[in-house]
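Read off the chains here:
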Amino acid sequence: MVRRPTSITVIAVLQLVLGMLGVFSGVASLIPRSAAAEARRAEWRATHPTPVPTPIQQAKSALSTVIALVTGYYLLSGKNWSRILCVAWQSLELFYGFTVWGVIRWSVIPALLMYGVIAYFLFRPRANAFFAEGGVGLDEESRPSMRRL
């Protein structure tokens, strides 16, 4: 069996961390805000209009959180569909960023670079071998054995 490449572990943990941040952000949005915080939020919305209604943004955020948690967990498990879902969802997120904010928006550039790095590492030959095996494997030397004890 093929060992899980370190790059896959890093990407999976990153996905899990981003998913947990999404959960915390969602919970924090339920906490009532002070009047000053609401005023700052209203001012931000007035100076930074978006063509996407707030409920759609919230639904996309919730779906992104769920997908990040699911792909992170199943990337660690070695499920091939999880890497395809991860790259496909990030493609949709980039498309959303380009269409809503435009290419001029500087925040899209790091997201594009991150997408390229993640896609590269998820489809390298070692990653392909790991996902072809269907999961976490250990080399013969690293497998626990009673004979070696």
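Our structure is the block above this text.
Below you will find a few notes about this structure. (Residues numbered from 1 in each chain as written. Predicted model: local features only at pLDDT ≥ 70, side-chain atom pairs only at ≥ 80, totals over all residues. Heavy atoms only, no water.)

So, about the overall build of the chain. Looking only at helices and strands, one finds six helices and zero strands in the chain. The order of α-helices and β-strands along the chain, N terminus first, is α-α-α-α-α-α. Out of the 149 residues in the chain, the part that is buried amounts to 24%. For the chain, the proportion of contacts with a sequence separation of at least 24, taken over those separated by at least 6, is 79%. When the accessible surface of the chain is split by element, carbon and sulfur atoms take 69% of a total near 10100 Å². (Helix = DSSP H or I, 4+ residues; strand = E, 2+ residues; numbered from the N terminus. Buried < 20%, exposed > 50% of the residue type's maximum accessible area, 1.4 Å probe, protein only. Contact = heavy atoms within 4.5 Å. Areas by Shrake-Rupley, 256 points an atom, 1.4 Å probe, with all protein chains shown as cover.)

Within the secondary structure, Gln15 sits in helix α1 (residues 6-28). Beyond its immediate stretch of four places on either side in the chain, Gln15 contacts Ala68, Leu69, Thr71, Gly72, Leu75, Cys86 and Gln90.

Now for the nonpolar core. Within the largest apolar cluster, 12 residues are counted, these being Ile8, Ile11, Ala12, Leu75, Cys86, Val87, Ile118, Ala119, Leu122, Ala127, Phe130 and Phe131. Elements that contribute at least two residues to this core include exactly α1, α4 (80-101), α5 (108-122) and α6 (125-133). In this structure Leu122 touches Ile8, Ile11, Leu75, Arg83, Cys86, Val87, Ala127, Asn128 and Phe131, once residues within four positions along its chain are discounted. (Core = buried A, V, L, I, M, F, W, Y, C linked by side-chain atoms within 4.5 Å.)

In total, this model carries four aromatic pairs according to the counting rule given. Centre to centre, the rings of Tyr73 and Tyr74 are 4.9 Å apart; their planes meet at 90°, and the pair counts as edge-to-face. Among the aromatic residues, ring-to-ring pairing joins Tyr73, Tyr74 and Trp81 into one connected group. Cation over ring: Lys60 sits above Tyr96, and NZ or CZ is 4.7 Å from the ring centre. (Phe/Tyr/Trp six-rings, centres within 6.5 Å; stacked < 30°, edge-to-face > 60°. Lys NZ or Arg CZ within 6 Å of the ring centre and 35° of its normal.)

The subject of this paragraph is the packing of α4 against α6. In the contact formed by α4 and α6, the axes pass within 8 Å of each other and the chain directions differ by 130°. Taken together, the axes of α4 and α6 are oblique relative to one another. In contact with Asn80, Ser82 and Arg83 of α4, α6 contributes Ala127, Asn128 and Phe131. Considering only residue class, the contact of α4 with α6 consists of two nonpolar, three polar and one charged. (Axes fitted to C-alpha atoms, helices over the stretch in contact; angles between N-to-C directions. Parallel < 35°, antiparallel > 145°, perpendicular 65-115°, else oblique. Nonpolar A, V, L, I, M, F, W, Y, C, P; charged D, E, K, R; others polar.)

Our next topic: the side chain of Thr71. With respect to the helices and strands, Thr71 occurs in helix α3 (residues 54-77). A distance of 2.8 Å separates a polar side-chain atom of Thr71 from the backbone oxygen of Ile67. The contacts of Thr71, once residues within four sequence positions are left out, are Gln15, Ser82, Leu85 and Cys86. (Polar contact = N/O pair within 3.5 Å; in protein donor to acceptor, adjacent residues only side chain to side chain.)

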